Number of protein chains: 12
Amino acid sequence: MKKVLVINGPNLNLLGEREPDVYGKLTLESINGEMEELAKELKLDLEFFQSNHEGEMVDRIGSAKKSFAAIVINPAAYTHTSVAIRDAVSACGIPVIEVHLSNIYGREEFRQKSLIAPVAKGQISGFGKESYLLALRAVSKII
Amino acid sequence: MKKVLVINGPNLNLLGEREPDVYGKLTLESINGEMEELAKELKLDLEFFQSNHEGEMVDRIGSAKKSFAAIVINPAAYTHTSVAIRDAVSACGIPVIEVHLSNIYGREEFRQKSLIAPVAKGQISGFGKESYLLALRAVSKII
Amino acid sequence: MKKVLVINGPNLNLLGEREPDVYGKLTLESINGEMEELAKELKLDLEFFQSNHEGEMVDRIGSAKKSFAAIVINPAAYTHTSVAIRDAVSACGIPVIEVHLSNIYGREEFRQKSLIAPVAKGQISGFGKESYLLALRAVSKII
Amino acid sequence: MKKVLVINGPNLNLLGEREPDVYGKLTLESINGEMEELAKELKLDLEFFQSNHEGEMVDRIGSAKKSFAAIVINPAAYTHTSVAIRDAVSACGIPVIEVHLSNIYGREEFRQKSLIAPVAKGQISGFGKESYLLALRAVSKII
Amino acid sequence: MKKVLVINGPNLNLLGEREPDVYGKLTLESINGEMEELAKELKLDLEFFQSNHEGEMVDRIGSAKKSFAAIVINPAAYTHTSVAIRDAVSACGIPVIEVHLSNIYGREEFRQKSLIAPVAKGQISGFGKESYLLALRAVSKII
Amino acid sequence: MKKVLVINGPNLNLLGEREPDVYGKLTLESINGEMEELAKELKLDLEFFQSNHEGEMVDRIGSAKKSFAAIVINPAAYTHTSVAIRDAVSACGIPVIEVHLSNIYGREEFRQKSLIAPVAKGQISGFGKESYLLALRAVSKII
Amino acid sequence: MKKVLVINGPNLNLLGEREPDVYGKLTLESINGEMEELAKELKLDLEFFQSNHEGEMVDRIGSAKKSFAAIVINPAAYTHTSVAIRDAVSACGIPVIEVHLSNIYGREEFRQKSLIAPVAKGQISGFGKESYLLALRAVSKII
Amino acid sequence: MKKVLVINGPNLNLLGEREPDVYGKLTLESINGEMEELAKELKLDLEFFQSNHEGEMVDRIGSAKKSFAAIVINPAAYTHTSVAIRDAVSACGIPVIEVHLSNIYGREEFRQKSLIAPVAKGQISGFGKESYLLALRAVSKII
Amino acid sequence: MKKVLVINGPNLNLLGEREPDVYGKLTLESINGEMEELAKELKLDLEFFQSNHEGEMVDRIGSAKKSFAAIVINPAAYTHTSVAIRDAVSACGIPVIEVHLSNIYGREEFRQKSLIAPVAKGQISGFGKESYLLALRAVSKII
Amino acid sequence: MKKVLVINGPNLNLLGEREPDVYGKLTLESINGEMEELAKELKLDLEFFQSNHEGEMVDRIGSAKKSFAAIVINPAAYTHTSVAIRDAVSACGIPVIEVHLSNIYGREEFRQKSLIAPVAKGQISGFGKESYLLALRAVSKII
Amino acid sequence: MKKVLVINGPNLNLLGEREPDVYGKLTLESINGEMEELAKELKLDLEFFQSNHEGEMVDRIGSAKKSFAAIVINPAAYTHTSVAIRDAVSACGIPVIEVHLSNIYGREEFRQKSLIAPVAKGQISGFGKESYLLALRAVSKII
Amino acid sequence: MKKVLVINGPNLNLLGEREPDVYGKLTLESINGEMEELAKELKLDLEFFQSNHEGEMVDRIGSAKKSFAAIVINPAAYTHTSVAIRDAVSACGIPVIEVHLSNIYGREEFRQKSLIAPVAKGQISGFGKESYLLALRAVSKII
């Protein structure tokens, strides 16, 4: 079974508590649970990683190629500011799919520009937890 | 079975002939065929509409509410220039999912801004024909 | 009796259904009705035209000079994107009055710039259906 | 009879002498005269105020609520520079209608942006003295 | 004899009536006549198409490849706003030459940017009817 | 006892009536009252000045040096537009502390830029009436 | 003898005290004195006016035509923000010469743009008190 | 006694050594000492945290709600670049007060924009160590 | 026979060697040769001038009126930077036609703006050596 | 007698022929003549230099210090584009006065920015030939 | 022997694997090896540090002064986004030399702006591994 | 021995006299002397060229290929304005190394953008005369 790395960026550990009017009441754990279920169906093996540290995310993406066939990433706030993660994605040698819970194009001006998107395989934005599940399906078609 | 309207914008009738290095060799017909298959599985009834005319797209979106539960739209070039389609999407009263074959964020500057995205439910970009199929799956979860 | 052409642009056919918090519940038909009444009083003969098509609006403005003494136009979404309608207005040889139901200057940034206004005779914005009626009164003074 | 405050901003005291190619030969007095006539017909009671001082205009708008049902204002040059008048309009608690003699959208770039418009009820621009008369009619419908 | 498609965009049907100080008194018919004469000399077969509709222009360019060896186009107002025509030109597979009657670089700021030029073979601007005739000569060298 | 001049700019005379959702229900008088109390404790002698006139504010700041040891100023709307007040602050030779009731950085774009701040000693923004009281405490430390 | 109105804008009453490293130690009185002397030589009759109020400057310029042949103005901070003074200058019907003590082009970005200059006869900037004296000489040649 | 978290961002550990012309010779320790003293008086219990790591600051803010009633933060360089800290502040559910030693509005252009301010309760800038002490006082009023 | 001055700007002396993928292998000499041939046919007498010096180009254009009926100019790099050549063209009193070998609108952003075009008679861009020959034909129609 | 270098930039050799509606009919020779006369009166010795070459102007300014006490320069088109002349002026060690015949602030946008002004002693603009004569008077006061 | 700290930023640990068309096949280890050799010749003692973490880089620079005479840094992606590293460099009290393997000015727009360069001693960009070796030579001259 | 052309741009002939606080007291001659010494060591043969004329620099670069293996250039002021030199560098077919005495990124905004850098092999900035010597060493590695 092919392995897929699922990376969640800063403040997503607070999902469910944080701004429930924007992000809903779902916790990251429950999303991960639903992903596990779908992964089984799609014959994928998932590993989850959450960090508030840009550097840790770069570390993880940089070493992913050895063990993983693809990455699903929600870079959260770093979407808009991190050239380091962009460079890591661009250099990692495996397909990376960018997901967002909320529709970032319907929010503040500064959230409408993703530094990651130009080097990602594709982007899925605005479907809540479904964004992650659709990304898994995309992965299963691509790899 | 719920009905879904699939709208393709300008120049997508030429898919397969047009810039195959960007868009691949698939024709719109073959994408529609694959969508029909998935729709059956998801218990959805599809209707396809392609037009090079901004006004026809506005007409169609404006009258969609009566017969359709959702819209999947690839606005193509009008993505970047049409406030009229944006207003139609915003006013139509049913969820609209924006799809793009190519990753628009990896292309020319002017293609990286979607006027439609802020009023769409969500956006899927960069997975080739899979963008449409993922959109159908999103529809089946939302409606 | 002098003839006046009243042109309504994209999505205004949906008035009453569309975003009632912005545009109110009035339909285009009822506005047209009130205009007819005032027109009688002002000794004007009205002809109404609504289209979602930029090209049809250009056609109509381009040929208006032969039969009409003035145009009242709500270009809606094309207000902000259509150089073609601007050129038609500029070339049509009769006075054109631009109206808007809502106060476009109190809305999104991109709606605050009218491409039509610089070549119109004048602009009336923000008075709901009264915008149209005031425009008729303006016409009756100008022609 | 309801009272309406008519405010004219800087340099409008010079109307008739000042740049007659832009503003015509009409004086402010003659415009006021025509407004008085129409006001009678509409059962409105007008009070006129002209000042070249931003602060005096703010004073007057700030205290208007007690005596007036609406304001008609031509902020002239302060249209483009005065946040203080904008705040006064926004805070005054009665409808304010912005008028301009000339079509400000057909003039220099810096005159095409009104700081007042976003907080006014509506704007009428480009009809010469008729701009004021149309504003009175708008007032009579609104209050 | 090779066939060349000559496309004229919005408001050019009004040539001769419309802003004669900018565009001269020549009608589109008389320009077409002079083009026919030169075409004979150059052994080219011309077909003329004028439309105010962006969508019709896209339709026509999209299907041109089958019958034509080149396109001469004056996109008029759509020069500055149509990504759809740009995409059609870019995808059509035959050389497209952009012409303008007036020197667009000597006019309003917004007319100095052509969205079509980057994907056209070349551009000829500012020579009145001669712009079209020079374009025909360019075609006869290129195809 | 050292004297401190407290200056309030345009529309702040309306505090309590004006936009209570933004500024609360407190009147300027009650804020002044609380300042007086704290001033006693801090051994400061206050003088209050409110004006809607940019020029009067400049006059007052320009002549402050003779009698006052510091200025606390809420320039309100002139924060964003007045180079004259900026120059007066810069030239006045005593420390000037800028205060705002609301958090100006959480409001409209144009309110997020203060022309006064670069030449003030410091700025306190967003604490309602406390902004003024904190400023008094800052004054008592500085002078 | 022809009369010339000399207008000094905000904070210039403080000349000599205010930022002596930028403006020198000269007072406005001493500059006026030197101007009087030169005026005699040039057969001009001067009247001096200083104000910190934009509105008073507009009043004065607006009524200048009746008594004066020309205006020499240092609009100080209003140079960069006052459309009202610009309009007054543009409308006043007599030549207006703009002067600055310091070289405004060697100072902060926002001081390098004069709203007045485009409608003034000419501008003299950077020569300290000599700027005023050169302006008088210019006046004596022009009127 | 209510607990308050005091967070200092990057390079503030070097205070006293680093650019003493901008930041003075005070060390962070001495500031913390003065804060402790005032906290006693205000019946507040302080906890200090300094980090050069954006991620650690996000971690700390994200988990603050459980133990703290408010946060006083000097985000230093991250003020201008960190959307992650902004999101943490926005999500943390307790009031956050932003402080700066120097007046950031009197420094380089890029330091004049705070990404944190729009989601903070308020901001205090430019009073050296007093900025922190004023923030504590603000906290004691708010919580 | 009327004389035409053909001016080539900086680096065009290297044509054939320089970036052959952009400019082709043709030398300036061979282009001049083809121009001579066409000139005979059109009864024009050509004089060629190439320089890498902006000042020499200005000299030449400034003195052209005495001997020449028109100028054909490829300003090369100076197209985008030289106000001096623009002023010379604008002042020279004879028609000037701007040509470019490559389509400048398909190249780097900074090459898409011509300072010369607004004051030229017209512009021909993108046809390789044909650009020059078409320019000669345009000259023969204009003079 | 102190020597002053008078430098005139590109196209000023054409004065009198070139755009007489902007620059008048005076030739450079006649201006120089008037300057000579005034120089005698002021006990100054003038040397004139005109060039269309940026490099020659830089050469001349760079070597001026040895022989001249000041420079009067009309950089013409190079005003807006030449960092090289700016650097020469900044480095030359003697006062440089910038003059313009026309009011550059009343012309095209790109002519309203002088690269030279920030490093000049002062600037005189808009008085025709008098600009030069006023500059001479300024020189005689400064040196 | 003086000690020099060599800092490499994010993703440089992947050198040799990552985008070999941009960065070549050399590993960081081999570059370090060549630096060691040259250091011996120049009598310098090197210490190497690589991190993907902005905070760790700030920590290291902040504490460098005690042990090192200079820093050679390739901030990689943080070049363009990190004010924190900029502040650390500015505050560290020893010369810092910025190096880049590739010519950052020949790459994407956002890579052409270095936040570090304005506070570094100097910058060397575009020479591959030689950039580091040249930096060492620069260090040996400066310290 | 391979030949290297060393080009110095405008005002560098004045080195030592010009702005010694920015550029130091070294003359160009003494830098050239040190370069000669190092060149001997590196087995390179140098030729020096200084000019204030953009055109002469273009001439020299254009003809360099025949005799030289590389160019070291300090374009000085033309760094920021000359597309002509950029094109010459891009076309010259030999490696070109850009050097600057001062750190251009620590100076005025307009000096922070080099038009030459994107087409140079690399850039060395900020090391005074060492910038030239490092460039020679870079040359000796590259050719």
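Residues numbered from 1 in each chain as written. Chains lettered and ligands numbered in written order. Predicted model: local features only at pLDDT ≥ 70, side-chain atom pairs only at ≥ 80, totals over all residues. Heavy atoms only, no water.

**So, the interface of chain D and chain C**
Part 1 of the argument: Taken together, the contacts link 23 residues of chain D with 23 residues of chain C.
Part 2 of the argument: Of the roughly 1,900 Å² buried where chain D meets chain C, counting both sides, 57% is carbon and sulfur surface.
Part 3 of the argument: For the chain D face of the interface with chain C, the top three residues by lost area are Tyr105, Phe127 and Leu134 of chain D, together amounting to 28%.
Part 4 of the argument: Linking chain D to chain C there are 9 residue pairs in polar contact (both at pLDDT 80 or more).
Part 5 of the argument: Where the side of chain D that touches chain C is concerned, the elements lending two or more residues are β5 (122-125) and α5 (129-142) of chain D.
Part 6 of the argument: No other element matches the 6 residues that α5 of chain D contributes to the side of chain D that touches chain C.
Part 7 of the argument: In terms of residue class, the side of chain D that touches chain C is made up of 10 nonpolar, 7 polar and 6 charged.
Part 8 of the argument: Where strand β5 (residues 122-125) of chain C and β5 of chain D come together, 3 bridges link them in antiparallel fashion. For Ser125 of chain C, the partnering residue across the bridge sits in β5 of chain D and is Gln123 of chain D. (Contact = heavy atoms within 4.5 Å. Buried area = accessible area lost by both parts, 1.4 Å probe. Polar contact = N/O pair within 3.5 Å; in protein donor to acceptor, adjacent residues only side chain to side chain. Helix = DSSP H or I, 4+ residues; strand = E, 2+ residues; numbered from the N terminus. Nonpolar A, V, L, I, M, F, W, Y, C, P; charged D, E, K, R; others polar. Pairing = 2+ DSSP bridges.)

**Things to note about the relation of the copies chain D and chain C**
Part 1 of the argument: In screw terms, the move from chain D to chain C is a rotation of 180 degrees and a rise of 0.0 Å along the axis, fitting with an RMSD of 0.0 Å. Taken together, the turn and the small shift mark the pair as related by a two-fold rotation axis. Closest to the rotation axis within chain D is the C-alpha of Ile124 of chain D, separated from it by 2.3 Å.
Part 2 of the argument: Of all interface residues in chain D, 100% are interface residues in chain C too; the two copies therefore contact each other through one and the same surface. (Least-squares fit on C-alpha atoms with pLDDT ≥ 70 in both.)

**Observations regarding the sheet that holds strand β3 (residues 70-74) of chain F**
Part 1 of the argument: The 10 strands lie next to each other as β2(F)-β1(F)-β3(F)-β4(F)-β5(F)-β5(H)-β4(H)-β3(H)-β1(H)-β2(H), forming an open sheet whose pairing is mixed. A single partner strand is all that each edge strand has here, and the edge strands are β2 (44-50) of chain F together with β2 (44-50) of chain H. When the angles between neighbouring strand axes are averaged without regard to direction, this sheet yields 20 degrees.
Part 2 of the argument: Bridging between strand β4 (residues 96-100) of chain F and strand β5 (residues 122-125) of chain F involves 4 bridges; their strand directions are parallel. Bridge pairing in β5 of chain F places Glu98 of chain F opposite Gln123 of chain F.
Part 3 of the argument: The strands that helix α3 (residues 54-62) of chain F touches are β1 (2-8), β2 and β3 of chain F; relative to β2 of chain F, the one it contacts most, it runs at about 155 degrees. (Axes fitted to C-alpha atoms, helices over the stretch in contact; angles between N-to-C directions.)

**Examining the interface of chain B and chain A**
Part 1 of the argument: With 23 residues of chain B at the contact, the number on the chain A side is 23 residues.
Part 2 of the argument: Interface area, chain B with chain A, both sides summed: about 1,900 Å², of which 57% is carbon and sulfur.
Part 3 of the argument: On the chain B side of the interface with chain A, the three residues burying the most area are Tyr105, Phe127 and Leu134 of chain B, jointly 28% of the side's total.
Part 4 of the argument: Counting the contacts that link chain B with chain A gives 0 salt bridges.
Part 5 of the argument: Here chain B and chain A share 9 residue pairs in polar contact (both at pLDDT 80 or more) between them.
Part 6 of the argument: For the side of chain B that touches chain A, the secondary-structure elements that each account for two or more residues are β5 (122-125) and α5 (129-142) of chain B.
Part 7 of the argument: It is α5 of chain B that contributes the most residues to the side of chain B that touches chain A, 6 residues altogether.
Part 8 of the argument: When the residues that make up the side of chain B that touches chain A are grouped by side-chain class, the tally is 10 nonpolar, 7 polar and 6 charged. (Salt bridge = Lys/Arg side-chain N within 4 Å of Asp/Glu carboxyl O.)

**Observations concerning the pairing of strand β3 (residues 70-74) of chain C**
All names here are of chain C.
Part 1 of the argument: With respect to burial, β3 is a largely interior element, 5 of its 5 residues being buried.
Part 2 of the argument: Taken together, the 5 bridges between strand β1 (residues 2-8) and β3 define a ladder with parallel strand orientation. Bridge pairing in β3 places Val4 opposite Ala70.
Part 3 of the argument: Sheet analysis places β3 next to strand β4 (residues 96-100), joined by 3 bridges and oriented parallel. Residue pairing across strands places Ile71 opposite Val96, the latter belonging to β4.
Part 4 of the argument: You can see the chain leave β3, run along helix α4 (residues 83-91) and come back into β4, and the turn it takes is right-handed. (Buried < 20%, exposed > 50% of the residue type's maximum accessible area, 1.4 Å probe, protein only. Right-handed = clockwise from strand over helix to strand, strands pointing away.)

**What about helix α3 (residues 54-62) of chain B?**
Part 1 of the argument: Considered for burial, the residues of α3 of chain B that qualify are Glu54, Gly55, Met57, Val58, Ile61 and Gly62 of chain B. Across the axial projection of α3 of chain B, the buried residues extend over an arc of 160 degrees, all falling on one side.
Part 2 of the argument: The elements touched by buried residues of α3 of chain B are β1 (2-8), β2 (44-50), β3 (70-74) and α4 (83-91) of chain B, α3 (54-62) of chain C together with α3 (54-62) of chain E. (Arc of directions from axis to C-beta.)

**Quick notes on the environment of Tyr23 of chain G**
All names here are of chain G.
Part 1 of the argument: Along the chain, the position of Tyr23 falls in helix α1 (residues 20-23).
Part 2 of the argument: Separated by 79 residues in sequence, Tyr23 and Ser102 have C-alpha atoms that sit 6.6 Å apart.
Part 3 of the argument: Once residues within four sequence positions are removed from consideration, Tyr23 is found in contact with Leu15, Arg18, Leu101, Ser102 and Arg107.

**Describing the confidence of the model for chain A**
Part 1 of the argument: Confidence in the prediction for chain A averages 95 pLDDT; 100% of positions are at 70 or higher.
Part 2 of the argument: Scored as a complex, the prediction yields pTM 0.95 and ipTM 0.95. (pLDDT = per-residue confidence, 0-100.)

**As for the packing of helix α2 (residues 28-42) of chain H against helix α5 (residues 129-142) of chain H**
All names here are of chain H.
Part 1 of the argument: Two numbers describe how α2 lies on α5: the axes approach to 10 Å, and their chain directions differ by 25 degrees. Accordingly, the angle class assigned to the pair α2 and α5 is roughly parallel. Considering the relative orientation of α2 and α5, their crossing is right-handed. Of the residues in α5, those in contact with Ile31, Glu34, Met35, Leu38, Ala39, Glu41 and Leu42 of α2 are Lys129, Tyr132, Leu133, Leu136, Arg137 and Ser140. (Parallel < 35°, antiparallel > 145°, perpendicular 65-115°, else oblique. Left-handed = near helix turned anticlockwise from the far one by under 90°.)

**Details of the sheet that holds β5 of chain C**
Part 1 of the argument: Ordered by their spatial adjacency, 10 strands build an open sheet running β2(C)-β1(C)-β3(C)-β4(C)-β5(C)-β5(D)-β4(D)-β3(D)-β1(D)-β2(D), and the pairing between neighbours is mixed. This sheet does not close on itself; its edge strands, each paired only once, are β2 (44-50) of chain C together with β2 (44-50) of chain D. Across this sheet, the average inter-strand angle for adjacent strands is 20 degrees, counted without regard to direction.
Part 2 of the argument: Lying on the sheet, helix α2 (residues 28-42) of chain D is in contact with β1 (2-8) and β2 of chain D; it crosses β2 of chain D at an angle near 160 degrees.

**Focus: the relation of the copies chain B and chain A**
Part 1 of the argument: The two copies are related by a screw operation: chain B maps onto chain A through 180 degrees of rotation and 0.0 Å of translation along the axis, at an RMSD of 0.0 Å.
Part 2 of the argument: A symmetric contact is evident, with 100% of the interface residues of chain B recurring at the interface of chain A.

**Some thoughts on the packing of aromatic side chains**
How two aromatic rings sit relative to each other is set out by the distance from centre to centre and by the angle between their planes.
Part 1 of the argument: Going through the model one piece at a time under the given rule, you end up with 6 aromatic pairs over all chains.
Part 2 of the argument: Ring plane angle 5 degrees and centroid distance 5.6 Å describe the contact between Tyr105 of chain F and Tyr105 of chain H, whose orientation is recorded as stacked. Here Tyr105 of chain F, found in the loop between β4 and β5, pairs with Tyr105 of chain H, found in the loop between β4 (96-100) and β5 (122-125), and the two come from separate chains.
Part 3 of the argument: The ring of Phe49 of chain B is capped by Arg60 of chain B, whose NZ or CZ atom sits 4.6 Å from the centre of that ring. (Phe/Tyr/Trp six-rings, centres within 6.5 Å; stacked < 30°, edge-to-face > 60°. Lys NZ or Arg CZ within 6 Å of the ring centre and 35° of its normal.)

**Examining the environment of Leu42 of chain C**
Residues and elements named next belong to chain C.
Part 1 of the argument: Relative to the assigned elements, Leu42 resides in helix α2 (residues 28-42).
Part 2 of the argument: Distance in space between the C-alpha atoms of Leu42 and Lys2 is 9.9 Å, their sequence separation being 40 residues.
Part 3 of the argument: In this view, Leu42 contacts Leu136, Arg137 and Ser140; residues no more than four positions away in its chain are not counted.

**Quick notes on a negative patch on the surface**
Part 1 of the argument: Taken together, Glu56 and Asp59 of chain B, Glu56 and Asp59 of chain C together with Glu56 and Asp59 of chain E make up a surface patch of like negative charges.
Part 2 of the argument: Those elements that place two or more of their residues in the negative patch are α3 of chain B, α3 of chain C together with α3 of chain E.
Part 3 of the argument: Structurally, the position occupied by Glu56 of chain C is in helix α3.
Part 4 of the argument: A relative accessible area of 31% places Glu56 of chain C in the partly exposed class. (Patch = residues over 30% accessible without salt bridge, like charges linked within 9 Å, V, L, I, M, F, W, Y side chains within 5 Å. Areas by Shrake-Rupley, 256 points an atom, 1.4 Å probe, with all protein chains shown as cover. Lys, Arg positive; Asp, Glu negative; His and termini not counted. Charge placed at Lys NZ, Arg CZ, Asp CG, Glu CD.)

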